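Structural overview
Residue-level listing of the chains:
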Amino acid sequence: MSRNKQSYYPHNSNNFNNHPSKINLHHKDTDDSFHPWIKPNSKCFITTGMLKLHYEILDFCEFIKLTKEEIKYREKTYNYIKSIIEAKFNEYKCVLYGSFKTELSLPDSDIDILIVEKEEKKVNEDNSDKEKDRITEAIQKIYNVLFDTKNFGYIEMIKAKVPIIKCTLKETEVNVDISFFRKNGADAVKTIEKVINVFPEIRPLTLVIKYTLRQRQLNEIYKGGISSFIIFSLIYYYMTDVRKKILDDIKKGKKEGELTLGHLLVGFFNFYGFMFNYDKLGISIRNGCFLYKRKEHKPNTLSIENFQDINQDMGKNCYNFKKVVETFKNARDSLYYPEKSPVISYLAGFILPDDILRERAEKNNLFS
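None of the values given here were measured: they were computed from a predicted structure. (Residues numbered from 1 in each chain as written. Predicted model: local features only at pLDDT ≥ 70, side-chain atom pairs only at ≥ 80, totals over all residues. Heavy atoms only, no water.)

Considerations on unusual backbone geometry
Cut-off, in case you're wondering: Working definition: helices are DSSP H or I runs of at least four residues, strands are E runs of at least two. Numbering for both runs from the N terminus.
Non-glycine residue glutamate 103 carries a positive phi angle of around 60°. Looking at the secondary structure, you find glutamate 103 in the loop between β1 (92–97) and β2 (111–117). Even without being a glycine, glutamate 173 presents a positive backbone phi close to 60°. Assignment of secondary structure puts glutamate 173 in the loop between β4 (164–169) and β5 (175–180).

Have a look at this one:
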C-alpha cells in the first residue's frame, strides 16, 4: 500500500467549521496565551475547529523540529565517536539509530549509537553468563578509550540488564546513549521508516504526543514512562484500526469533511485516554497490527509486545503508565472544551511554556 507522503494535508477546507463538542475540562497549569509556534501568517487564523487544529499541529512541528545547527552538532558528535571507536577497534562498527535517525527527535533528545561486530558472532543461548561477560568486557574497553580522550563533560558506564554508556561531548553538548550488539535497535529504525512511508501522519502526531509526555517526564522508560518506540507503536495501531472508523464516520456524514491531523490527534487521546481496555488487552505490531488477550489482568498498566521478541513485554517497566493515561485524558478534554472561545491555540491547553519553547521563540524574535 503506497500513499502520497503529503497525504496528511487536507484537500478541501470548506467543511471544517464545526467546533469540537463540549466535554468536561481539566486544565492544569496551562497558559493559553503562550503559543509561539503559531506562525504570524498561519492558516490557523482563517480556519476553525479540526482544520484549525490541523494547521496548528503543522506549525508546532515546524517550530519544534531540529534546526540546521542542532542537526550539525548531532552529526558532528556521532562522527567523532564513530571515528574514535572504529579507529581503535577493527572488529566493531558504529550504527546510528533511534529518534534522530527516524527524524522524530525533540530538541533535547539524545542520539543513539549502536556498536555491532563486523563479523556477527553466534550467540550461545545456553551460556548467557558467558555472553554477558563478553559484552561487559567490550563495554569496558570502549568506555576506557572514550574516557581517555578527556573530551566528554559527562561519561558513565551503566551495567544494567541492557548495558549502555551515557556521555555528553563537551564541544557540542549533545547527549549520547551507546549500546552494544543489539541488532533490534537498527531493525526498529527500518520498521519505523517503512511504516511512516505508508502513514506520514505518524511523524507530526508523534512529535506532538512525545513533547506532551516529555514535559511531564513521561517519555522515558527509566522514569516509568513510555519510550519513543512505544509511542510509535501506539500511534501505529491507532492509525491502522481507529483511523478507519473515523474515515467511515466521515463518509457516513457523522463527521464533517475529510480526515485531518486534528481528527487524528483528538481521536488518539480519546482512544488511549478513555476507550482502550488496558486491563484485558495488549497491542502487537508484528505482521501488521492486532490486539491480544493479556495473560494477567493488571489495571493501569500497558502490555505491548516487542515485535522482535514475542516473549518480551515492552510495557512492563512503564510503572507510571497511569499518569500517561491521565495526560491523554486531560489533553483530549482541553481539545474538546477549550477554556476560552474563540480559540487562538488548541495545543496551548496542554503544551506548557518551558525553556525549550521560550528559547526558540526568543531566537525567532517572538518575544521582546
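Re the packing of aromatic side chains
Heads up, the condition is: Only Phe, Tyr and Trp rings take part, Trp by its six-membered ring, and two of them pair if their centres are within 6.5 Å. Stacked means planes under 30 degrees apart, edge-to-face means over 60, and tilted covers everything else. Accessible area is worked out with a 1.4 Å probe on protein chains only. A residue is then buried under 20% of its type maximum, exposed over 50%, and partly exposed in between. Either the NZ atom of lysine or the CZ atom of arginine qualifies as a charge over a ring when it sits within 6 Å of the ring centre and within 35 degrees of the ring normal.
Within this structure, the stated rule accounts for 23 aromatic pairs. Measuring from centroid to centroid gives 4.8 Å for phenylalanine 271 and tyrosine 272, while their planes differ by 75°, and the two rings are edge-to-face. Across the pair, tyrosine 272 and phenylalanine 271 agree in class, each one buried. Here the aromatic rings of tyrosine 272 and phenylalanine 276 are separated by 5.9 Å at their centres, their planes lie at 45°, and the arrangement is tilted. On the accessibility criterion, tyrosine 272 (0% relative accessible area) is buried. Its end group placed over the ring of phenylalanine 274, lysine 329 keeps NZ or CZ at 5.7 Å from the ring centre.

Some details on helix α1 (residues 49–64)
What counts, and what does not: In a helix, the anticipated span is given by 1.5 Å times the number of residues less one.
The terminal C-alpha atoms of α1 lie 23 Å apart, and with 16 residues this matches the ideal 22 Å at 1.5 Å per residue to within 8%. Most of α1 is tucked away: 15 of the 16 residues are buried.

Considerations on the sheet that holds β1
Cut-off, in case you're wondering: For two strands to be treated as a pair, DSSP must find at least two bridges joining them. A fitted line through C-alpha atoms serves as each axis, taken over the contacting stretch for helices, and the angle formed by two N-to-C directions is quoted from 0 to 180°. For this analysis, residues touch if any pair of their heavy atoms sits within 4.5 Å.
Taken in spatial order, the five strands of this open sheet run β1-β2-β5-β4-β3, and their pairing is mixed. The open sheet has two edge strands, β1 and β3 (152–158), and neither has a second partner. Neighbour to neighbour, the strand axes of the sheet diverge by 20° on average, direction disregarded. With five bridges connecting them, β2 and β5 associate as parallel partners. Directly across from isoleucine 115, in β5, lies its bridge partner phenylalanine 180. Along the sheet, helix α2 (residues 68–88) makes contact with β1, β2, β3, β4 and β5, crossing β1 at roughly 165°.

Focus on the pattern of salt bridges
Heads up, the condition is: By definition, a salt bridge exists where a carboxyl oxygen of Asp or Glu is found within 4 Å of a side-chain nitrogen of Lys or Arg.
Under the criterion given, the structure shown has 13 salt bridges. In this structure, the salt-bridge partner of glutamate 359 is lysine 363, at a minimum N-O distance of 3.6 Å. Taken together, the residues span about one helical turn, with glutamate 359 and lysine 363 both in helix α9 (residues 355–363) at a distance of four residues. The class for glutamate 359 is partly exposed, based on a relative accessible area of 44%.

Looking at the side chain of lysine 52
Note the cut-off: Asp and Glu count as negative and Lys and Arg as positive, but His and the ends of the chain are not part of the count. Between N or O atoms, a polar contact is any pair within 3.5 Å; within protein, one atom must be a potential hydrogen donor and the other a potential acceptor, and residues adjacent in sequence are included only when both atoms are from side chains.
Checked against the element boundaries, lysine 52 lands in helix α1. For the buried residue lysine 52, which engages in no salt bridge, the nearest side chain bearing the opposite charge is glutamate 56, 6.5 Å off. One polar contact links the side chain of lysine 52 to the main-chain carbonyl oxygen of cysteine 44, over a distance of 2.7 Å.

Structural notes on the packing of α1 against helix α7 (residues 261–275)
The axes of two packed helices give the description: the angle between them and the distance between them. Spelled out, the test is: By definition in this entry, angles of less than 35 degrees are roughly parallel, angles greater than 145 are roughly antiparallel, angles of 65 to 115 are roughly perpendicular, and the rest are oblique.
Look at α1 against α7: their axes get within 7 Å of each other, and the N-to-C directions meet at 90°. Judged on the interaxial angle alone, α7 and α1 are roughly perpendicular. Each of Met50, Leu53, His54, Ile57 and Leu58 in α1 lies in contact with α7, whose residues at this interface are Leu261, Gly262, His263, Leu265 and Val266.

Quick word on the packing of helix α5 (residues 202–214) against helix α8 (residues 321–336)
Put simply, the test is: It is the rotation of the near helix from the far one that decides the hand of a crossing: anticlockwise by less than a right angle makes it left-handed, clockwise makes it right-handed. Under the scheme applied here, ten amino acids are nonpolar (Ala, Val, Leu, Ile, Met, Phe, Trp, Tyr, Cys and Pro), four are charged (Asp, Glu, Lys and Arg), and all others, including Gly, are polar.
Interaxial distance between α5 and α8 falls to 11 Å at its minimum, and their mutual angle equals 120°. Taken together, the axes of α5 and α8 lie oblique to each other. Between α5 and α8 lies a crossing of right-handed hand. Seen from α5, the contacting residues are Ile209, Thr212 and Leu213; seen from α8, they are Val324, Thr327 and Phe328. A class-by-class count of the residues in the contact of α5 with α8 yields four nonpolar, two polar and no charged.

Focus on α7
Here α7 spans 20 Å end to end across 15 residues, near enough to the 21 Å set by a 1.5 Å rise per residue. For α7, a buried count of 13 out of 15 residues is recorded, marking the element as mostly surrounded by other parts of the structure. The distance from a side-chain oxygen at the start of α7 to the backbone nitrogen of glycine 262 is 3.1 Å, and the residue carrying that oxygen is threonine 260.

Observations concerning a nonpolar patch on the surface
We apply this condition: Residues enter patches when their relative accessible area tops 30% and they take part in no salt bridge; the joining distance is 9 Å for like charges and 5 Å for the nonpolar side chains Val, Leu, Ile, Met, Phe, Trp and Tyr. Each accessible area is a Shrake-Rupley estimate made with a 1.4 Å probe; only the visible protein chains count as cover when residues are assessed.
Taken together, the side chains of Phe45, Ile46 and Ile344 define a hydrophobic patch exposed on the protein surface, amounting to about 340 Å² of accessible area. By secondary structure assignment, the location of isoleucine 46 is in the segment before α1.

Comments concerning the environment of glutamate 86
Within the element layout of this structure, glutamate 86 appears in helix α2. Taking relative accessible area as the criterion, glutamate 86 reaches 23% and is therefore assigned partly exposed. Between the C-alpha atoms of glutamate 86 and isoleucine 115, which are 29 residues apart in sequence, the distance is 9.6 Å. Looking at glutamate 86, its side chain comes within polar contact range of the main-chain nitrogen of cysteine 94, at 2.8 Å.

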